[in-house]
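Close look at the chain arrangement
The chain contents come next:
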Amino acid sequence: MAGMSGKRLQKELAKIQGPLPPGITLVSATDLQKWEMDIQVPDNPLYPPTETYRLRFNFSKNYPIEAPEVTFLHRSDLTPPLRVPMHPHIYSNGIICLDLLDSAGWSPVHNVESVCISIQSMLASNTKGERPPGDAEFVRSNRSRPRDINFLFHDPSV
């Protein structure tokens, strides 16, 4: 990946290879298109402190003008398995409904670390151990990439 996107991602990668906020870890960044980050959620009984959740970041050539595509990974073949956290804004297939990841809510001042912090904070403040309404139907019928889904952001209580 060349140009502005590549330079920005190289700079971000150099930064996140150093100290990160507690509960956020770089897992892999083998190229400048796909990265994986682990997050843990402190101080919320809905999420065991030993549970780790993996995020996959997919970057387009228009990053940072365009938000990365960020999803939770689910892998039952690993030990321990990777699970998608229960949250009213996270579908069981790992798609996250978060205005920050939408074109209207994204700003180039955000970066991988700030996205991880926002998602970690969203989980830390969660009080409902449930999936979004219509999760099963959405997961069964959705064929769109996360960036192409037009979510309605209407639930500030979660």
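Shown above is the structure to which this text applies.
Keep in mind the model is a prediction, meaning the values are calculated, not measured.

Things to note about the sheet that holds strand E3 (residues 53-58)
Spatial strand order, E1-E2-E3-E4: 4 strands in an open sheet with antiparallel pairing. Two strands close off the open sheet at either side, each with one partner strand: strand E1 (24-28) and strand E4 (69-72). In this sheet, neighbouring strand axes are inclined to one another by 25 degrees on average, regardless of whether the strands run parallel or antiparallel. Two strands pair when backbone bridges link them, and E1 and strand E2 (residues 34-39) are joined in this way by 4 bridges, in the antiparallel orientation. Within the sheet, the bridge partner assigned to Thr25 lies in E2 and is Asp38. Here helix H1 (residues 3-16) sits on the sheet and contacts E1 and E2; the angle it forms with E2, its principal contact strand, is near 30 degrees. Running over the sheet, helix H2 (residues 112-124) touches E1, E2, E3 and E4 and is turned about 40 degrees from E2.

With respect to the nonpolar core
One finds Phe57, Phe72, Ile96 and Ile119 to be the most contacted residues of the largest nonpolar core, which totals 32 residues. Of all the secondary structure elements, the ones that give two or more residues to this core are H1, E2, E3, E4 and H2. Top element by residues in this core is H2. It accounts for 6 residues. Discounting chain neighbours no more than four positions away, the residues touching Phe72 are Ile39, Tyr53, Arg54, Leu55, Val84, Pro85, Ile90, Asn93, Gly94, Ile96, Ile119 and Leu123.

Considering the state of the cysteines
Applying the stated criterion across every chain yields a total of 0 disulfides. Distance from the sulfur of Cys97, which forms no disulfide, to the nearest cysteine sulfur (Cys116) is 18 Å. What makes Cys116 buried here is its relative accessible area of 0%.

A closer look at the pairing of E2
Within E2, 5 of the 6 residues are buried, leaving the element largely enclosed by the surrounding structure. Linkage of E1 to E2, two consecutive antiparallel strands, is achieved through a turn of 5 residues.

Observations regarding the packing of aromatic side chains
The tally for this structure, following the rule as stated, stands at 7 aromatic pairs. Between the aromatic rings of Tyr53 and Phe72, the centroid separation amounts to 6.4 Å while the plane-to-plane angle is 85 degrees, which identifies the pairing as edge-to-face. Here Tyr53, found in strand E3, pairs with Phe72, found in strand E4; they are 19 residues apart in sequence, far enough to count as distant. According to the relative accessible area criterion, Tyr53 is buried, its value standing at 4%. A relative accessible area of 2% places Phe72 in the buried class. On the basis of an interplanar angle of 65 degrees and a centroid distance of 4.9 Å, the ring pair of Phe59 and Tyr63 is categorised as edge-to-face. Among the aromatic residues, those joined into a cluster by ring pairs are Trp35, Phe57, Phe59, Tyr63 and Trp106.

What about the pairing of E3?
With 5 of 6 residues buried, E3 lies mostly within the body of the structure. For E2 and E3, the ladder comprises 6 bridges, and the chain directions are antiparallel. The residue bridging Trp35 from the neighbouring strand is Phe57, located in E3. For E3 and E4, the ladder comprises 4 bridges, and the chain directions are antiparallel. Each bridged residue has a counterpart across the sheet, and for Asn58 the counterpart in E4 is Glu69.

Comments concerning the side chain of Asn44
Secondary-structure assignment places Asn44 in the loop between E2 and E3. The class for Asn44 is buried, based on a relative accessible area of 6%. Looking at Asn44, its side chain comes within polar contact range of the main-chain oxygen of Leu123, at 3.0 Å. Within the local environment of Asn44, its side chain forms a polar contact with the backbone oxygen of Asn126, the two atoms lying 2.9 Å apart. For Asn44, the contacting residues outside a window of four places in its chain are Leu123, Ala124, Ser125 and Asn126.

Reading guide: rules and limits
- Residues numbered from 1 in each chain as written.
- Predicted model: local features only at pLDDT ≥ 70, side-chain atom pairs only at ≥ 80, totals over all residues.
- Heavy atoms only, no water.
- Pairing = 2+ DSSP bridges.
- Helix = DSSP H or I, 4+ residues; strand = E, 2+ residues; numbered from the N terminus.
- Axes fitted to C-alpha atoms, helices over the stretch in contact; angles between N-to-C directions.
- Contact = heavy atoms within 4.5 Å.
- Core = buried A, V, L, I, M, F, W, Y, C linked by side-chain atoms within 4.5 Å.
- Buried < 20%, exposed > 50% of the residue type's maximum accessible area, 1.4 Å probe, protein only.
- Disulfide = S-S within 2.5 Å.
- Phe/Tyr/Trp six-rings, centres within 6.5 Å; stacked < 30°, edge-to-face > 60°.
- Polar contact = N/O pair within 3.5 Å; in protein donor to acceptor, adjacent residues only side chain to side chain.

By themselves, these are just geometric observations and shouldn't be taken as functional.
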